[in-house]
Amino acid sequence: VQLQAFGGGLVQAGGSVRLSCAASGLTFSSYDMAWFRQAPGKEREFVAAIRWSGGSKYYVDSVKDRFTISRDNAKITAYLQMNSLKPEDTAVYYCAAGRVITTTASTPRAYNYWGQGTQVTVSS
């Protein structure tokens, strides 16, 4: 199984970035997908998750109304559209795949597979 996250980079505060997570080696349409992030010196933090069908989405409060998670099962890819970026959004962003329930969607250990991470840096 491979998850490849890409799309990060350097962006000014208030700008937008779209991350992509391309999957291979798994039945993508049966896995829930999530994005986590980790800033230097901090623990890995849940950002957003989407159920296998795309029917339910979950967000950490700090990104609600700014970030949107989505997926295209035909393209075997998950996305994270990030708008109105803030310097505190600076982190390495990781995508993850697993089979979760509502109460575990934000828990890293609920996910079986992880991508390598992509750096997002927001300048003030």
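Calculation rules
- Residues numbered from 1 in each chain as written.
- Predicted model: local features only at pLDDT ≥ 70, side-chain atom pairs only at ≥ 80, totals over all residues.
- Heavy atoms only, no water.
- Helix = DSSP H or I, 4+ residues; strand = E, 2+ residues; numbered from the N terminus.
- Polar contact = N/O pair within 3.5 Å; in protein donor to acceptor, adjacent residues only side chain to side chain.
- Contact = heavy atoms within 4.5 Å.
- Disulfide = S-S within 2.5 Å.
- Buried < 20%, exposed > 50% of the residue type's maximum accessible area, 1.4 Å probe, protein only.
- Pairing = 2+ DSSP bridges.
- Axes fitted to C-alpha atoms, helices over the stretch in contact; angles between N-to-C directions.

## Notes on the side chain of R37
Here comes step 1: Here R37 lies in strand β4 (residues 32–38).
Here comes step 2: In this structure the side chain of R37 is engaged in a polar contact, spanning 3.0 Å, whose partner is the side chain of D89.
Here comes step 3: Here R37 is in contact with E43, R44, E45, V47, S62, V63, F67, D89, A91, V92 and Y93, once residues within four sequence places are set aside.

## Notes on unusual backbone geometry
Here comes step 1: The backbone phi angle of I76 is positive, close to 55°, even though this residue is not glycine.
Here comes step 2: Along the polypeptide, I76 turns up in the loop between β7 (67–72) and β8 (77–82).

## Things to note about the state of the cysteines
Here comes step 1: In this structure the tally under the stated criterion is 1 disulfide.
Here comes step 2: Sulfur-sulfur distance for the disulfide between C21 and C95 comes to 2.2 Å. A torsion of 65° about the S-S bond marks the disulfide between C21 and C95 as right-handed. Taken together, the residues span a long stretch of sequence, with C21 in strand β3 (residues 17–24) and C95 in strand β9 (residues 91–98) at a distance of 74 residues. The burial state of C21 is the same as that of C95; both residues are buried.

## Concerning the sheet that holds strand β1 (residues 2–6)
Here comes step 1: Judged by pairing direction, the sheet is antiparallel, and its 4 strands sit side by side in the order β1-β3-β8-β7 without closing on themselves. Lying at the two open borders of the sheet, with one neighbouring strand each, are β1 and β7. Neighbour-to-neighbour, the strand axes of the sheet open up by a mean angle of 15°, direction not taken into account.
Here comes step 2: Two strands pair when backbone bridges link them, and β3 and β8 are joined in this way by 6 bridges, in the antiparallel orientation. Along β8, the bridge assignment pairs V17 with M82.

## Looking at the side chain of S20
Here comes step 1: On the secondary structure map, S20 appears in strand β3.
Here comes step 2: On the basis of relative accessibility, which here comes to 7%, the residue S20 falls in the buried class.
Here comes step 3: Look past the residues within four positions of S20 in its chain and what remains in contact with it is Q4, A5, F6, W35, T77, A78 and Y79.

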